Amino acid sequence: MISELRSQERYEDFGRIECPEICIVNGVLNDISINGCKVHFDAPITINLEDDYELHVRLSHSAQAPLILMCHPQWVKSDNDTADVGFLIMRSPDTARLKQYVSLLHSELTTSDELLPQEVPCQFV
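Quick caveat, the model's predicted, so the values are computed rather than measured.

By size, the foremost hydrophobic cluster in this structure holds 27 residues, and its most contacted members are I22, L55, V57 and F87. Going through the elements one at a time, β1 (11–18), β2 (27–32), β3 (36–41), β4 (53–59), β5 (67–79), β6 (82–89) and α1 (95–115) are the ones with two or more residues in this core. Non-local contacts of V57, meaning those with residues more than four positions away in its chain, are made with R16, I17, L29, P66, L67 and L69.

This is the structure:
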């Protein structure tokens, strides 16, 4: 239901998130779009929902330098010593690189869907 409210499609991906202001332990990227991302932290975090944060995102499909993204937290879900955070990605120094990366994820997804075998009707003999 929440995904129906999103303005952009989210793509599941893996990456490392560095933001010492939030947590000394790196976070893990769960999904990303042009407008936002979801990050998981395996340690307690300190976050203010009113502040903006600079995230350094090392992406799984890219050997380039990490993306530098200015993000604003939208929600936090904490459970014991772990937390999930949803971020809104604002205009950032690497917005153009983010758009290219999301386009790459989209093309990989559509290409893999085209490679799936087509359904063949089954006949019993």
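Now that the structure has been shown, the text picks up again.
The subject of this paragraph is the state of the cysteines. Under the defined criterion, the tally for this structure stands at 0 disulfides. Take C23: it sits in no disulfide, and the sulfur closest to it among the cysteines is that of C19, at 9.3 Å. The closest cysteine sulfur to the non-disulfide-bonded C71 is located on C37, 4.9 Å from its own sulfur.

Before going further, it helps to spend a moment on the environment of H40. Among the structural elements, H40 can be located in strand β3. Taking the C-alpha atoms as reference points, H40 and A83, separated by 43 residues in sequence, lie 5.8 Å from one another. If we skip the residues at most four places from it in the chain, H40 touches G27, V28, N30, T82, A83 and D84. A distance of 2.7 Å separates a polar atom in the side chain of H40 from a polar atom in the side chain of D84.

Trans peptide bonds make up most of the peptide bonds, and negative phi angles are found at most residues other than glycine. One non-glycine residue, N80, adopts positive backbone phi at about 55 degrees. The topology assignment puts N80 in the loop between β5 and β6.

Moving on: the pairing of β5. Inspection of the sheet shows β4 paired to β5 by 5 bridges, in the antiparallel sense. Paired with E54 across the bridge in β5 is M70. As paired elements, β5 and β6 share 8 bridges and run antiparallel to each other. Each residue of the ladder has a partner; that of D79, found in β6, is T82. Remark: 2 residues form the turn of the hairpin made by β5 and β6, two consecutive strands paired antiparallel; N80 in that turn has positive phi of roughly 55 degrees.

Moving on: the pattern of salt bridges. Under the counting rule described, the total for this entry stands at 4 salt bridges. The closest approach of N and O atoms between D31 and R10, which form a salt bridge, is 2.7 Å. Pair noted here: D31 is in strand β2 and R10 is in the segment before β1, with a separation of 21 residues, a long-range link. Assessed through its relative accessible area of 14%, D31 is described here as buried.

Each value, and the rule that gives it
- Residues numbered from 1 in each chain as written.
- Predicted model: local features only at pLDDT ≥ 70, side-chain atom pairs only at ≥ 80, totals over all residues.
- Heavy atoms only, no water.
- Core = buried A, V, L, I, M, F, W, Y, C linked by side-chain atoms within 4.5 Å.
- Buried < 20%, exposed > 50% of the residue type's maximum accessible area, 1.4 Å probe, protein only.
- Helix = DSSP H or I, 4+ residues; strand = E, 2+ residues; numbered from the N terminus.
- Contact = heavy atoms within 4.5 Å.
- Disulfide = S-S within 2.5 Å.
- Polar contact = N/O pair within 3.5 Å; in protein donor to acceptor, adjacent residues only side chain to side chain.
- Pairing = 2+ DSSP bridges.
- Salt bridge = Lys/Arg side-chain N within 4 Å of Asp/Glu carboxyl O.

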